[in-house]
Every structure is written in C-alpha cells, then in structure tokens.
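# Examination of the molecular architecture
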Amino acid sequence: MADLEAFRNEARSWLEANYPPSLKTPMTEDEAPWGGRKAVYKNPDIKLWMDRMASRGWTAPTWPKEYGGGGLTGEEAKVLEQELRRIKARPALMSFGVWMLGPVLLEYANEAQKKEYLPKIVRGEIRWCQGYSEPGAGSDLAGLQTKCEDKGDHYLINGQKIWTSYADQADWIFCLVRTDTSKKHEGISFVLFDMTTPGVEARPIKLISGSSPFCETFFTDVKVPKAQLVGALNKGWDIAKRLLQYERQNISAGGFGGTGGGLEIEDIAKKYVGTDADGRLADHDLRARLAAHRMEAKAFALTVRRVEQELRAGKGLSPATSIIKYAAAKLNQDRSELVVEAIGLQGLGWSGEGFSPREIGETRAWLRSKGNSIEGGTSEVNLNVVAKRVLGLLDHQ
Amino acid sequence: MAILTEEQTMLRDAARDWVQARSPVGAFRKLRDSGDGAGYDPALWREMGEMGWTGVIVPEAHGGSEFGYLGLGLVLEETGRTLTASPLLSTALTAASALLIGGSEAQKEEWLSQIAAGAIVAALAVDEHAHHAPEKTALTAVKSGRGWTLNGGKAFVPEGGAADLIVVAARTAGQPGDADGLTLFLVQGDADGLTRTALKTADSRGYANLTFKDVTVAETAVLGEAGGGWPILEETLDRARAGLAAEMLGTAAQAFDVTLDYLKTRTQFGQAIGTFQALQHRAAKLYTELELTRSCVEAALEAIDNGSADAGALASLAKAKAGETLHLASNEMVQMHGGVGMTDAHDAGLYLKRARAAEAIYGGASYHRDRYARLLGF
Ligand SMILES: Cc1cc2nc3c(=O)[nH]c(=O)nc-3n(C[C@H](O)[C@H](O)[C@H](O)COP(=O)(O)OP(=O)(O)OC[C@H]3O[C@@H](n4cnc5c(N)ncnc54)[C@H](O)[C@@H]3O)c2cc1C
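Conventions we followed
- Residues numbered from 1 in each chain as written.
- Chains lettered and ligands numbered in written order.
- Predicted model: local features only at pLDDT ≥ 70, side-chain atom pairs only at ≥ 80, totals over all residues.
- Heavy atoms only, no water.
- Helix = DSSP H or I, 4+ residues; strand = E, 2+ residues; numbered from the N terminus.
- Buried < 20%, exposed > 50% of the residue type's maximum accessible area, 1.4 Å probe, protein only.
- Contact = heavy atoms within 4.5 Å.
- Areas by Shrake-Rupley, 256 points an atom, 1.4 Å probe, with all protein chains shown as cover.
- Expected span 1.5 Å × (residues − 1).
- Core = buried A, V, L, I, M, F, W, Y, C linked by side-chain atoms within 4.5 Å.
- Domains from an automatic or database assignment.
- Buried area = accessible area lost by both parts, 1.4 Å probe.
- Salt bridge = Lys/Arg side-chain N within 4 Å of Asp/Glu carboxyl O.
- Polar contact = N/O pair within 3.5 Å; in protein donor to acceptor, adjacent residues only side chain to side chain.
- Nonpolar A, V, L, I, M, F, W, Y, C, P; charged D, E, K, R; others polar.
- Near = heavy atom within 4 Å.
- pLDDT = per-residue confidence, 0-100.
- 1 Å grid on protein atoms, 1.4 Å probe; cavity = no way out; pocket = protein on both sides within 12 Å on 5 of 7 lines; lining within 4 Å.
- Points joined across faces, edges and corners; volume = space filled by probe spheres on them.
- Pairing = 2+ DSSP bridges.
- Axes fitted to C-alpha atoms, helices over the stretch in contact; angles between N-to-C directions.
- Left-handed = near helix turned anticlockwise from the far one by under 90°.

So, on to the overall build of chain A. Within chain A, the secondary structure is distributed over 11 helices and nine strands. Along the first, second and third principal axes, the C-alpha set of chain A runs to 80 × 55 × 50 Å. Among the 397 residues that make up chain A, the fraction classed as buried is 47%. The long-range fraction of contacts in chain A, counting pairs at least 24 apart against all pairs at least 6 apart in sequence, stands at 68%. Accessible surface, chain A as shown: approximately 19,000 Å² in total, 53% of it carbon and sulfur.

Attention now moves to helix H5 (residues 111-122) of chain A. Residue and element names in this part refer to chain A. Taking 1.5 Å per residue as the helical rise, H5 with its 12 residues ought to reach 16 Å, and the 16 Å between its terminal C-alpha atoms agrees with that figure. Regarding H5, the residues found buried are Gln113, Lys114, Tyr117, Leu118, Pro119, Ile121 and Val122. Elements in contact with the buried residues of H5: helix H2 (44-55), helix H4 (96-108), strand S1 (128-131), strand S4 (172-178), strand S5 (188-194) and strand S8 (229-230). A positive phi of about 70° marks Gly124, the residue just after H5.

Generally speaking, a soluble globular protein has its nonpolar side chains buried in company with each other. All names here are of chain B. With 135 residues, the main nonpolar core has Leu88, Leu150, Phe185, Val187, Phe212 and Leu233 as its most contacted residues. The dominant element in this core, judged by the number of residues it contributes, is helix H7 (residues 229-265), at 17 residues. Those residues in contact with Leu150 that sit more than four places away from it in its chain are Leu139, Thr140, Ala141, Val168, Phe185, Val187, Phe212, Lys213, Asp214, Val215 and Val217.

Residues and elements named next belong to chain B. Along its sequence, chain B is carved into domain 1 (6-121), domain 2 (123-228) and domain 3 (230-375). Computed from C-alpha coordinates alone, the two centres of domain 1 and domain 2 are separated by 22 Å. Taken together, the contacts link 23 residues of domain 1 with 21 residues of domain 2. With both chains or domains summed, domain 1 and domain 2 bury close to 1,700 Å², and 61% of this area falls on carbon and sulfur atoms. Summed over the three residues of domain 1 that lose the most area to domain 2, namely Gln107, Trp111 and Val121, the buried surface amounts to 30% of that side. Counting across the interface, domain 1 meets domain 2 through zero salt bridges. Run the count over domain 1 and domain 2 and you get six residue pairs in polar contact (both at pLDDT 80 or more). Only helix H2 (25-34), helix H5 (88-102) and helix H6 (105-116) provide two or more residues apiece to the side of domain 1 that touches domain 2. Here the element with the most residues in the side of domain 1 that touches domain 2 is H5; it accounts for six residues. Residues that form the side of domain 1 that touches domain 2 fall into these classes: 13 nonpolar, nine polar and one charged.

Moving on to the interface of chain A and chain B. In this complex, chain A contributes 42 residues to the contact, which on the side of chain B involves 34 residues. Counting the surface lost from both chain A and chain B, the interface buries some 3,200 Å², and carbon and sulfur atoms represent 62% of this. Our enumeration of links across chain A and chain B arrives at three salt bridges. The salt bridge involving Asp285(A) is made with Arg369(B); its shortest N-O contact spans 2.6 Å. Elements with a minimum of two residues in the side of chain A that touches chain B: helix H7 (265-273), helix H8 (284-312), helix H9 (324-343), strand S9 (349-351), helix H10 (357-369) and helix H11 (379-390) of chain A. Residues that form the side of chain A that touches chain B fall into these classes: 18 nonpolar, 13 polar and 11 charged.

Let us look at the site of the ligand. Near the ligand lie 27 residues; those nearest to it are Ser133(A), Ser139(A), Trp163(A), Thr378(A) and Arg266(B). The local environment of the ligand is shared, drawing residues from chains A and B. At 3.0 Å, a backbone N or O of Trp163(A) approaches a nitrogen atom of the ligand. Note that an oxygen atom of the ligand is positioned 2.6 Å from one of the side-chain N or O atoms of Arg266(B). The protein chains hide 95% of the 980 Å² of surface that the ligand would expose on its own. Elements represented by at least two residues in the shell around the ligand include exactly strand S3 (154-165) and H11 of chain A together with helix H9 (311-337) of chain B. Top element by residues in the shell around the ligand is S3(A). It accounts for three residues.

What follows covers the pattern of salt bridges. Residue and element names in this part refer to chain A. Applying the stated criterion across every chain, the model contains 61 salt bridges over all chains. Of the charged contacts, one joins Arg86 and Glu16 as a salt bridge, the two residues approaching to 2.9 Å between their closest N and O atoms. In this pair, Arg86 is assigned in helix H3 (residues 74-86) and Glu16 in helix H1 (residues 2-18), connecting sequence segments 70 residues apart. Linking Glu266 and Arg294 is a salt bridge whose minimum nitrogen-to-oxygen distance equals 2.8 Å. With Glu266 in helix H7 and Arg294 in helix H8, this residue pair connects regions lying 28 residues apart in the sequence. Because the salt bridges share partners, they merge into one network encompassing Glu5, Arg8, Arg12, Glu16, Glu83 and Arg86.

On to the confidence of the model for chain B. When the pLDDT values of chain B are averaged, the result is 97; 100% of them are 70 or greater. For this predicted complex, the interface score ipTM comes out at 0.96, while the overall pTM is 0.96.

Before going further, it helps to spend a moment on empty space enclosed by the protein. Residue and element names in this part refer to chain B. Applying the stated rule across the entire model yields six cavities of 30 Å³ or more. Surrounding the largest cavity, 18 residues form its lining, Leu89, Glu159, Arg205, Glu247 and Arg354 being those nearest its centre. Elements with a minimum of two residues in the lining of the largest cavity: helix H4 (68-81), H5 and H7. If you add up the space inside the second largest cavity, you get close to 120 Å³. Along the wall of the second largest cavity there are 16 residues; nearest its centre are Asp127, Ala155, Phe156, Pro158 and Tyr362. Among the elements of the structure, strand S1 (122-125) and strand S3 (147-158) are those that each provide at least two residues to the lining of the second largest cavity.

As a further point, take unusual backbone geometry. Residue and element names in this part refer to chain B. You will see that Glu159, though not glycine, has its phi angle at about 60°, which is positive. Within the secondary structure, Glu159 sits in the loop between S3 and strand S4 (165-171). Owing to a relative accessible area of 8%, Glu159 belongs among the buried residues under this scheme. Even without a glycine there, the phi angle at Asp214 is positive, about 50°. Following the sequence through the fold, Asp214 ends up in strand S7 (residues 207-218).

Turning our eyes to something else, we now look at the pairing of S4(B). All names here are of chain B. Counted residue by residue, S4 has seven buried out of seven residues, so it is predominantly covered. Neither face of S4 is open: one carries Leu165, Val167, Ala169 and Arg171, the other Ile166, Val168 and Ala170, and all of them are buried. Bridge analysis of S1 against S4 gives four bridges, and the strand direction is parallel. Its bridge partner lying in S4, Ala125 is registered against Val168.

We now examine the packing of H1(A) against H3(A). Residue and element names in this part refer to chain A. It is at 10 Å that the axes of H1 and H3 come closest, and there the two elements cross at 35°. In this structure, H1 meets H3 at a crossing whose hand is right-handed. Together, Leu4, Phe7, Arg8, Ala11, Arg12, Leu15 and Glu16 of H1 and Glu75, Glu76, Val79, Leu80, Gln82, Glu83, Leu84 and Arg86 of H3 make up the contact between the two elements. Taken together, the residues that form the contact of H1 with H3 break down as seven nonpolar, one polar and seven charged.

Shown next, in the form of structure tokens:
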C-alpha cells in the first residue's frame with residue numbers, strides 16, 4: 001500500500017511537470033491523438049504529450065517494459081488513470097494497437113513479432129486498422145471469404161473487407177483471412193500487413209452523421225511475407241475472438257464517448273426546456289425519462305466498478321462483463337436521443353446559420369451513436385452470446 | 001384501413017402511382033444533394049397542384065374538391081412513404097385550415113382559391129423556440145393607424161422561406177404563456193421588414209427563421225377577431241398535427257417495409273436473418289404499432305371531417321402515437337440493416353433524420369401526452 005502511495009506521488013509530480021498546459025482545453029475531434037505515419041498535429045504539444053507518455057511506457061501502462069510498455073501492475077495502472085483524470089488530461093494516444101492488437105500479440109505472437117510490433121504501438125508510430133467484416137460476413141464473421149494462398153515464400157491475399165474503420169488513415173492492418181476453404185472456423189488465419197503494400201486499396205464510406213470514418217478495403221494480389229502470420233495457420237479464429245473481447249471491453253470501459261462538450265444532460269435540458277418555479281424541468285414527462293436515464297447510467301457505472309473490483313480481488317472475470325458492451329451501447333444511444341429531444345428542433349441542425357457548433361455536434365453525435373449497437377458485434381449477437389454461454393439457453397436441436 | 005369512398009380510393013391510388021413514378025426516395029436524395037435551399041422541387045409541387053391535391057380540403061366554391069381531411073391524409077401518407085419534400089402539408093392543409101376556420105369570406109375567396117389552384121405556397125408561423133409552445137407566443141402586434149405593426153421572431157417555420165402567404169400568431173394582449181390575447185395575421189412573404197433565414201436541417205426540408213421588424217399590415221389582414229386567435233390556432237394546429245401524423249404513418253410504414261424486405265433477403269449463418277426469432281418478434285411488434293397508429297391517424301382525420309368534439313384529443317393521440325412508432329421504426333431500420341444502415345448511401349439515415357424532425361414539429365410525444373391528459377381532465 002505504501003508502495004502504491006509512493007507511486008501515486010511520483011506519477012502526480014511527473015504529470016504536473018510534463019502535461020503540456022496548451023492541452024487543458026477539451027479535445028476536439030481533429031485533435032484526437034491517433035498517431036501513425038500520416039498523422040498531422042495541429043498543435044505540436046499533442047505529439048509532445050504522446051512522446052513523453054510513451055517514453056515512460058504509459059501509453060500502454062501494463063505491457064512489459066521489454067516491449068516498450070510501462071510494466072505497471074493493475075493497481076498501479078489504476079492509480080495512473082486516477083491521476084490522469086485528476087488533471088483532466090487528454091489521452092496521450094488513441095490506438096487500435098493499444099486497445100485490441102497489442103494484448104493478443106502479447107498472448108499469441110512469437111518473440112520476434114512482439115519485439116517488432118509492440119514498441120511501435122506504444123510510441124504511436126504505427127496506426128492499425130481492423131480487417132474483420134466483409135460484405136457477406138458481419139455477424140457471421142467466421143463466414144469470411146478473403147482468400148489467402150500459400151505461395152511458397154509468401155502469402156497471396158485477394159478479397160474485400162468492409163466497414164474498416166480508418167483504413168484510409170492506418171499504416172497497417174490486422175486481418176482475418178481464409179486459408180482453408182473446406183472448414184469454417186478452422187480455416188481462418190490472422191495476418192498483419194502494411195497498407196502501402198501494392199494491391200491494397202481503401203475507399204472511404206460516408207456515414208449518416210456526415211463523416212467518413214470507415215472504408216471499403218480491397219485486396220488484389222497482395223503479397224504478404226510469411227513472418228507476418230500470427231499464431232499457427234488456420235488457428236486465427238481463437239485470436240480473432242480474443243481480440244473481440246478486448247475490443248468490446250475497451251468500447252465499454254470508455255463508454256462511447258458522448259461528451260456533450262462537458263455539459264451534463266440535465267444542464268442541456270434546463271437550458272432548452274426551462275424550469276418551473278421549484279427549479280424542476282418544465283417538461284415533467286421529459287424530466288421523468290431523464291431521471292430514469294441518469295439512474296441507468298449510475299447502475300452501469302456501479303456495475304463497471306464492481307466488475308473491476310472483483311477482477312482485482314482475483315475473482316476472475318465476472319459474468320457481468322458479458323452485458324457491459326450491450327448496456328454501454330444502449331446507454332449512449334439513450335443519452336443521445338434524450339439530448340436531441342431536449343434541444344428540440346435546435347438539435348436537428350445540419351450546418352450553417354441558426355445553429356451553434358455545439359448543437360450541430362450533438363446532432364452528429366446522435367447519428368453516430370446509432371452505430372454503437374452495431375460496431376464491435378451487434379447488440380443482438382451480444383445478447384445471443386449471453387443467452388447461450390452465460391445462461392445456458394441453447395438453440396433447440 | 002378505414003372504409004374508403006370511391007373518390008378516396010381513387011385519390012389514394014393516384015397518389016401511390018404518382019409517388020412511385022415521379023417522387024421515389026431517390027428524388028428526395030437528389031434534392032438533398034443539390035443543396036437547394038428551398039427544400040422542395042418546384043416542378044413536383046406544380047404537378048401536385050395540377051392533380052388537385054392542393055384543393056382537397058378546399059370547398060368547391062373556392063375551386064377545391066372538398067374531399068376532406070381523410071382524403072388529404074391518404075395523399076400525405078403516400079408522399080410520406082418516399083420522404084417527398086413539398087409544401088403540401090403546410091399550404092394545402094395547415095394554412096388552408098386556418099383560412100377555413102377563421103377566414104372571412106373575402107379572405108377565403110382571395111387565398112383559398114389560390115391555394116386550391118396550386119398558385120401559392122403558404123405557411124403557419126407559430127413557434128418561436130426549439131420546442132412547440134403556441135401559448136408562449138411573444139411576437140407582438142400593435143394597433144397602428146388603420147392597421148397593425150408586428151415585431152418579433154418565429155423559428156423553424158416549415159416552408160417559411162418559400163411562402164407567399166404566412167399565417168402569423170402574434171400577441172396583441174397579455175403575456176407569453178397566456179392563451180388569451182393572441183391574434184392571427186395574414187402576412188405576405190415579401191412584406192417590408194420581414195427577414196427570412198433559410199435553415200439547413202438534418203432532414204433537409206425547407207425551414208426558415210423569420211424576423212419581423214416593424215412589419216405593417218392592414219386591418220383586413222386579421223384572421224378572425226383581434227384577441228380571438230387562440231381557438232382558431234388550436235383547431236388549425238390539431239388539423240396540422242393529424243395531417244403530419246398521416247405523413248409520419250407513411251414514413252414509418254415504408255421504413256418498416258424496407259426493413260422487412262431486408263430481413264427476408266440478407267443472409268448470415270447460412271439463413272435469412274428474418275429466421276432469427278429475436279428479430280421476428282421485433283418486426284411483429286413494430287407491425288402491431290403500425291396498425292395501432294393507423295387507427296389513430298384515421299380516427300383523427302375522420303373526427304376533423306365530422307366536426308367531432310374529440311378531434312383535438314384524437315389529434316394529440318395520433319401525433320404522439322405516430323411519433324413513437326416512427327421513432328421505433330426508424331431506429332429499427334438502422335439497427336436491422338447492420339453496418340449498411342449506418343451509411344449515407346443507404347436510405348435508413350434519411351428516414352431517421354426525417355423522423356426526429358417530424359416528431360418534434362407541432363409537439364412531440366411528451367407534449368401530446370400532457371395535452372391528452374389535460375383534455376381528458378386530469
Ligand atoms: C461505426 C462502425 C465501425 C465499424 N468498424 C469496423 C472495423 O474497424 N473493422 C471491422 O472489421 N468491422 C467494423 N464494423 C463492422 C461491424 O462489426 C459489423 O457491421 C457488425 O458485425 C454487423 O455486421 P453486418 O453489418 O454485416 O450486419 P448483419 O450481420 O447483416 O446484421 C444485420 C442485422 O441482423 C442481426 N442479426 C444477425 N445475426 C443475428 C442472429 N443470429 N440473431 C439475431 N440477430 C441477428 C444483426 O444484429 C443486425 O441487426 C464497424 C461497424 C460500424 C457501424
């Protein structure tokens with residue numbers, strides 16, 4: 001315990017000395033520190049903050065030091081998180097590499113691969129994207145068809161991915177490919193390759209919110225060195241599933257990022273709907289639904305905390321973790337709907353005169369939130385898994 | 001489906017055919033992408049006039065067909081299916097209703113005949129803030145010489161930018177919040193002192209914010225009696241709500257049909273996704289809601305046609321129910337399409353955006369639940 005306090009003090013003074021003061025304003029979307037070769041830093045302090053944190057391995061606090069990580073225990077990482085929150089620090093690095101790929105590399109990759117890929121992830125040098133979904137393989141991910149052939153000294157990949165988030169911004173892709181067409185799950189392999197390899201093409205797709213964060217990604221005779229296969233050939237499905245666990249865990253832990261520009265939902269409602277003489281929201285019906293939402297949000301936060309406590313107490317992963325992604329998606333979507341409803345027609349602007357940037361931001365965030373129950377596996381699939389694996393309710397045979 | 005007369009059936013079938021041929025969703029998408037500020041296609045609007053849709057509730061004496069609100073609702077349901085953007089609701093239902101309810105013979109003769117002929121666009125300007133609240137009208141009208149002078153603002157006026165004629169709710173006495181002291185005025189779109197700012201909204205329709213700076217109108221511009229605007233306004237709004245609910249029913253029904261089709265055609269795990277019971281029950285529930293909504297919408301329109309005393313409560317019921325059903329249908333449309341439902345290239349987003357705007361206009365479900373309770377006396 002004393003050690004932990006010493007760590008806290010050390011972290012606190014280091015953060016105070018090293019957090020760039022210019023980052024004390026709320027982060028805008030174009031300031032998100034995704035790293036990578038294509039990154040452009042509006043404010044050089046964003047890069048400075050990333051580099052400073054990376055130099056301590058704190059962009060991946062619990063990864064082993066030998067791979068560039070911080071080597072912290074779970075307890076220490078928690079303290080670091082608290083200290084970062086205390087100074088309202090922006091994230092130093094946002095990264096599919098840290099959230100999804102790194103953890104499975106630690107578990108499944110060989111030593112050479114760990115040494116090659118992990119440090120670059122920690123330093124934000126390489127930005128990764130996720131090549132899972134295909135036009136015909138979404139919920140039924142294992143139905144994927146992207147073909148990967150053994151050509152002796154290399155693999156040859158042909159096929160198409162879709163909904164590949166940030167494929168046009170990413171440097172490398174972790175990709176599920178079919179290496180055996182005679183089996184479904186046992187014919188899938190997990191490969192890594194550079195997005196600048198000849199034959200790779202990413203075409204942005206526009207979302208209903210107006211932005212284009214994801215792409216259709218095409219592979220035509222893409223040559224991949226054999227050393228870039230992770231795990232054994234045809235054993236990629238286990239890695240794929242494990243990575244999905246990390247993805248969902250991460251999505252849930254961070255919520256879906258509906259920030260509301262720092263305003264709580266009830267403040268937004270008071271501003272646009274007004275209050276009665278007793279200070280209650282003037283629209284009593286909306287007030288009751290807002291209260292119900294706040295209670296759900298509290299119940300969710302308490303559940304996340306309980307799961308974490310049980311994990312730290314060595315009781316293993318609570319079955320409650322299985323509902324977290326579903327609940328987080330629903331919560332964020334409910335919040336967005338309530339915000340837009342509270343703002344009224346002022347919350348349905350698209351651009352131009354008559355709407356503040358914050359109002360338009362809320363409209364776009366509401367539209368974007370519709371994807372929360374689809375990305376990272378749909379809510380229906382999530383509930384199917386809970387019903388089958390947790391509750392033992394099997395399909396009738 | 002209500003039992004329709006022969007005329008009503010013909011009207012609905014004609015609307016259905018025209019919408020398919022001339023105004024599919026693709027036409028709305030094109031309009032949106034063109035970034036045209038008017039928010040509707042003048043050529044299609046002209047065709048609506050030629051087909052007589054602008055005169056469906058207008059008496060024959062003023063050049064209309066007098067087919068009634070249920071008739072016009074049938075047309076709006078069809079145009080709602082394909083998100084047809086037009087001033088039909090605003091002109092031929094809402095403004096026409098205000099004139100029918102409160103207009104003098106001279107006003108009716110002047111304006112209803114032009115509406116029936118499809119010669120003008122008309123609008124109702126009530127709300128001043130982002131939430132529907134007619135009694136909170138603050139825009140003032142002060143007696144001046146032989147007429148009135150208007151000062152203040154109106155927000156999110158549907159078709160406010162294009163309107164040749166605007167029915168404006170103004171306060172001539174009392175305080176914002178009082179139903180008493182409101183007066184309705186007929187103001188021309190090109191009146192001196194009137195500034196219109198077109199808005200770019202998520203649903204890509206034609207809304208405008210209006211600013212009135214010393215806009216003067218003659219005494220003959222008063223609709224009904226000075227200070228007697230509230231009952232006319234409420235009745236007008238109820239008709240507008242019922243008409244909008246009919247449009248929303250069509251929008252929800254189409255969102256459902258497209259989704260149902262996808263459930264039958266999209267395969268995952270080697271079978272149509274519609275074979276999964278988790279989705280089957282949700283589709284069946286949505287169907288249930290659509291049927292309940294249809295009953296409410298038709299009952300409200302029929303009550304207006306019959307002059308029933310419960311038309312107001314039924315209008316609130318229809319608007320609230322249509323809002324909730326469209327809310328659900330538009331959300332399910334995105335969700336059941338998976339990733340493709342999140343793309344701009346798919347129509348689901350268009351339905352979702354239109355849904356929320358239509359839900360909010362003339363009062364959302366929470367507004368109408370409250371009003372319903374008040375009308376029922378609790
Ligand atoms: C914003 C966003 C970002 C994304 N980013 C990425 C990415 O970076 N990389 C990547 O690989 N993918 C990404 N995806 C894709 C995502 O993982 C898929 O969209 C998702 O898995 C669903 O697949 P699908 O779109 O093919 O829908 P489908 O699987 O066709 O589903 C359609 C509907 O059927 C339902 N359904 C399917 N099967 C069942 C069943 N058995 N029981 C009940 N209901 C069922 C679904 O829940 C859904 O409602 C992203 C998606 C979104 C929206």
